[in-house]
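Given next are the chains, with one letter for each unit.
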Amino acid sequence: MKILTQQLGPGLVRAIWFSTGMLALLLGGIGAILPILPTTPFIILAAFCFGKSSPQLQALLEESRLFGPMIADWRENGAIATRYKAIAVTMMAAVFALSIWFAVPVFVLVIQAVCLTGAAFFVLSRPSA
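Q: What is the right way to look at the layout of surface pockets in this model?
A: One water molecule sets the probe size; rolling that probe over the atoms shows where empty space is left. Its boundaries defined by the atoms lining it, the largest pocket holds a volume of some 600 Å³. Lining the largest pocket are 26 residues; nearest its centre among them are G31, P38, T39, T40 and I87. Counting only elements with at least two residues in the lining of the largest pocket, the list comes to α2 (10–33), α3 (40–53), α6 (82–101) and α7 (106–125). Considering each element in turn, the lining of the largest pocket owes the most residues, six residues, to α6. Residues of the lining of the largest pocket, tallied by class, amount to 21 nonpolar, three polar and two charged.

Put into structure tokens, the structure is as follows:
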């Protein structure tokens, strides 16, 4: 990281962290509405990126009534609350069911099944908050 900062300059590195945090926050927000994207990993990533670029935004996320508990559970225990696990796995199954219903090509279903199974395994293997 030190070498990267020396080569690019601290302002550019901070801008990259900030941009990545904003993108993660945007994707997390979309994931809160759409079942195809997870929310928790993107919010955790956003908090991490803001920690490198904008401590004020990091604090805002960590103190948020909606996102704060997710971040705290992850930092303390690497945990995802049971409620969020259930929502995530249910949404993954719903997306896969919709893909079958819309007659998505088989090769896409196979790729989707592998990705969703991996994501579900990761989510379910984390400790519960």
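From this point, the narrative continues.
Q: Honestly, the nonpolar core in this entry has me stumped. Any pointers?
A: Here is a general trend for soluble globular proteins: nonpolar side chains tend to be buried in one another's company. Formed by A24, F42, I43, A46, A47, F50, L61, F67, M70 and I71, the largest nonpolar core amounts to 10 residues. Those elements that place two or more of their residues in this core are α3 and α5 (68–77). If we skip the residues at most four places from it in the chain, F50 touches F18, G21, M22, L25, P55, L57, Q58 and L61.

So, how was this worked out
- Residues numbered from 1 in each chain as written.
- Predicted model: local features only at pLDDT ≥ 70, side-chain atom pairs only at ≥ 80, totals over all residues.
- Heavy atoms only, no water.
- 1 Å grid on protein atoms, 1.4 Å probe; cavity = no way out; pocket = protein on both sides within 12 Å on 5 of 7 lines; lining within 4 Å.
- Points joined across faces, edges and corners; volume = space filled by probe spheres on them.
- Helix = DSSP H or I, 4+ residues; strand = E, 2+ residues; numbered from the N terminus.
- Nonpolar A, V, L, I, M, F, W, Y, C, P; charged D, E, K, R; others polar.
- Core = buried A, V, L, I, M, F, W, Y, C linked by side-chain atoms within 4.5 Å.
- Buried < 20%, exposed > 50% of the residue type's maximum accessible area, 1.4 Å probe, protein only.
- Contact = heavy atoms within 4.5 Å.

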